[in-house]
Amino acid sequence: MALIISEEQKMLKESAAELLKIKSPVNSLRDLRDQNYIPYDKSLWNEMVEMGWTALIIPENFNGLNFGYVGLGQILEETGKNLCKSPLISSCLLSSSVINLCDNEVLKAREFPLIMNGTKTMTLAIEENSYHKPYDFRTRAKLEGGNYIINGLKTFVIDGSTSNEIILVTEIAEGEIGFFIINREQKGIEIKNNILLDSGTYSDIKFNDVIVPKENRMNIKINGKELLKDILAIAYSGIASEMLGIIVESFDITVSYLKERQQFGVPIGSYQALQHRASKMFSEIQLCKSIVIKSLQSIDYGDKERYKYSHLAKAKLGKTIKLVTNEAIQMHGGIGVTDDADIGFYMKRARVLQQLFGDYNFHLDKLATLNKY
Amino acid sequence: MKSKTDVSLTDFRKETRAWLEENCPMSMRKPIKVANDFYWGGRNPKFSSEDQKIWFERMLEKKWIVPYWDIKYGGGGLSQDQNNILTQEMSRLGCRKPIYSFGISMLGPALLEFASEEQKMKYLPDIVEGKIWWCQGYSEPNAGSDLAGLQTKAVDKGDYFEVTGSKVWTSYADKSDYIFCLVRTDFESSKHNGISFLLIDMTYDGVSTRPIKLISGKSPFCETFFDSVNVPKENLVGKLNEGWTIAKYLLTHERQMIGGIGETDIKKKLHQIALENLPLIKGKLVDGILRNEISNFEMDEEIFDLTIQRVTDEAKTGNNSGALSSFFKYYATELNMSREELILALSGSDGLVFEKNYKSDGNLARKFCRSKGNSIEGGTSEIQLNIISKRILGLPS
Ligand SMILES: Cc1cc2nc3c(=O)[nH]c(=O)nc-3n(C[C@H](O)[C@H](O)[C@H](O)COP(=O)(O)OP(=O)(O)OC[C@H]3O[C@@H](n4cnc5c(N)ncnc54)[C@H](O)[C@@H]3O)c2cc1C
């Protein structure tokens, strides 16, 4: 498999870049934040729906576009460049993937059309700790009669404040993991919203004896642990794609600034101390590009090494995004730490993405474990 | 539906795989350990084992010593796609290169681009057959990073040039048959404009070498002296005083080689070495920090290999930004140096033994010392970073 995107994927990427450049300049993030805070711009979301982005990974037999994760990754990279807020990650990358990979066919037929036409958004409630610890469940789902009774607390739920449905994953019995789709209006659900560093809304969701009908269990015969493993690989790779956009854009902004800003009568970019640091970042970015496309492709092609590639992607991007956003601010000098400059927004979003689904040390640990040392 | 070329490439891959499996001796698929594992050819060729000889001869017969050169120059005439497949299949088995040669990796590409047809016919087939061992006469005592400041002079004496001066750090000069050399032919014009590219037989009168000992204790490179050496005019490649263009072109190939592009031998995994040396508790290395460093290193190593693949794939679609060879050179050498540092760290005092060679992976301490040259040879890391910032990022001088 050549490590390049196809013509079709390139066109998709370009159309996304065009739309977001006009409709979602970085400055619009300030408006969302400062003028009657809203988590994301609904009218822009509607345009994304019209562009077909909600149908990208949905199979053709459900009228989806079946464009795969390389396709969705191109969109996420572009949203990263523009720091665009939307439920793409919660609803399209995570929730649609769960529905797609599970074996509840009734659910697919019912929910896919609603996701695709924008009627509904969904999110995945997975974390129970303030660190990524995906297999550590204290939430309980107990089968009583025809229903599951769910108790527990989920945290760091992306777009929990706006999603219509919550997909909850937890342990049912020793070693048995279940995915459940639960309406946010269900009795016993308490949602507490937190605005984080990136101006995004993330929720703590408490489940108090929430009654979930058996039909809402998403994995029927499919092993929940395997399913979770695949969802995590998708999450790591998809989020790495958005991180790539942030890295590339904040680097480009910084290189332009190095050429523009004059001190001592010369552009600051003529100083070798800064040039070498820029060249090192350029080099790390070359690696980032390679692992992001590789990990996305490995998911699309069902490569058995996809888990490894997704850890590599999240680790490498996590490490590089820290380097690049920090250098970006430093190379801007005083203006870099002001709210007037855009560059700070990239750093803020970067830190959230670094934590989301595990920082680089988490993934380096997993990689070592995969190699049995 | 698969196109015709796809089908023929699939067949080519199958045949290639089968041929390599049948013809590459098992010992030629093992990681390189000691200097003897490289075969360099030359007028007095020395094979270090029967397998090395068999491997070279079989590849020569198959015309896969330089598979991508034109058949008339002794190459295999393979297309870029076929050559990529061959490289991939050799990597899959970990096949060593049948011969290591600056003729193939550096001089050949420059001759193909700048030499006359006569010169190509004279030199290229000998490179393929490993008959001539070439060395590189670029650096001088006062011209290292600032290569264009070189002073070795070639004076026009009618039907020959008289060459006087000295080169330094010339790898394998004492073993080589020929040197490709940068010489100054015009002392009046600016430093980049008076340089010419000359081929000099090391047996010509007035050429001498003196080995220099490295911190590794070995002497792979030399000082090279030219004392009024008469060099026939026909040994000039390209136009007089226009050698700098050739010099730079050759350097991009040198950097790609050092950057590991086209490499096929397999390096032992670092964590494998760790597992042989260090205890585990609950399946994890006891030293958590070292474990993290190894994981971080292997991450970069694996992704760097993917990057070679990605850029090769992009180049095929015509999407290539030339100066990338500096990135590959820079990153590959920094990686290799981290690798050697880590190997030393996880081998404990065993890895420090200098005089004996009792580790199965070769003499680690000497290899470690040798790796310090990686970020210097072929243009230092700093020079590569300069090139990236000027030529790729467009930062001002
Ligand atoms: C193992 C080995 C094998 C070699 N083989 C060959 C060979 O076969 N043939 C051949 O011709 N040469 C060979 N070389 C020589 C090599 O190309 C030079 O050593 C190299 O170009 C650096 O030159 P120098 O040693 O004079 O260092 P210098 O140029 O003196 O550099 C000293 C330090 O200053 C830094 N520096 C210099 N200029 C700048 C700048 N503009 N900006 C920032 N930093 C700068 C350098 O990066 C370095 O850190 C070999 C070298 C080694 C180590």
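### Observations concerning the interface of chain B and chain A
Each side of the interface is counted separately: chain B has 40 residues, and chain A has 42 residues. Carbon and sulfur atoms supply 63% of the area buried between chain B and chain A, which totals about 3,500 Å² over both sides. Remark: the boundary between chain B and chain A carries four salt bridges. In this structure, the salt-bridge partner of A:Lys316 is B:Asp300, at a minimum N-O distance of 2.6 Å. Summed over the shared surface of chain B and chain A, the result is 23 residue pairs in polar contact (both at pLDDT 80 or more).

### Some points on the domain arrangement of chain A
Residues and elements named next belong to chain A. As far as domains go, chain A holds domain 1 (7–121), domain 2 (123–216) and domain 3 (224–370). Computed over C-alpha atoms, the centres of domain 1 and domain 3 are 21 Å apart. Between domain 1 and domain 3, the contact holds 22 residues from the first and 27 residues from the second. At the surface where domain 1 touches domain 3, the tally comes to two salt bridges. Notably, a salt bridge pairs Arg-30 with Asp-342, separated by 3.1 Å at the nearest N-O pair. Taken together, the links from domain 1 to domain 3 amount to eight residue pairs in polar contact (both at pLDDT 80 or more). Secondary structure elements with two or more residues in the side of domain 1 that touches domain 3: helix 2 (27–34), helix 4 (68–82) and helix 5 (88–101).

### Some details on the side chain of A:Glu284
Here A:Glu284 shows up in helix 8 (residues 272–300). Aside from chain neighbours lying at most four places away, what touches A:Glu284 is A:Lys316, A:Thr320, A:Leu323 and B:Tyr331.

### Comments concerning the packing of aromatic side chains
Summed over the entire model, instances satisfying the criterion amount to 34 aromatic pairs over all chains. Here B:Phe38 and B:Tyr100 contribute two aromatic rings whose centre-to-centre distance is 4.5 Å and whose plane-to-plane angle is 85°, an arrangement assigned as edge-to-face. One end of the pair, B:Phe38, is in the loop between helix 1 (4–23) and helix 2 (50–62); the other, B:Tyr100, is in the loop between helix 3 (80–93) and helix 4 (102–114), and 62 residues separate them in sequence. Note on B:Tyr100: relative accessible area 15%, which makes it buried. Ring centres of B:Trp134 and B:Phe180 lie 6.4 Å apart, and the angle between their planes is 40°; on these two criteria the pair is classed as tilted. Residue B:Trp134 is found in strand 1 (residues 134–137), and its partner B:Phe180 is found in strand 4 (residues 178–184); the two are separated by 46 residues along the sequence. Comparing B:Trp134 with B:Phe180, the two get one shared label, buried. In textbook terms, an aromatic cluster arises when at least three aromatic residues are bridged by ring pairs, as seen for A:Phe282, B:Phe304, B:Phe327, B:Phe328, B:Tyr330 and B:Tyr331. Positioned over the ring face of A:Phe345 is A:Lys348, at 5.7 Å from the centre of the ring.

Criteria and cut-off values
Residues numbered from 1 in each chain as written. Chains lettered and ligands numbered in written order. Predicted model: local features only at pLDDT ≥ 70, side-chain atom pairs only at ≥ 80, totals over all residues. Heavy atoms only, no water. Contact = heavy atoms within 4.5 Å. Buried area = accessible area lost by both parts, 1.4 Å probe. Salt bridge = Lys/Arg side-chain N within 4 Å of Asp/Glu carboxyl O. Polar contact = N/O pair within 3.5 Å; in protein donor to acceptor, adjacent residues only side chain to side chain. Domains from an automatic or database assignment. Helix = DSSP H or I, 4+ residues; strand = E, 2+ residues; numbered from the N terminus. Phe/Tyr/Trp six-rings, centres within 6.5 Å; stacked < 30°, edge-to-face > 60°. Buried < 20%, exposed > 50% of the residue type's maximum accessible area, 1.4 Å probe, protein only. Lys NZ or Arg CZ within 6 Å of the ring centre and 35° of its normal.

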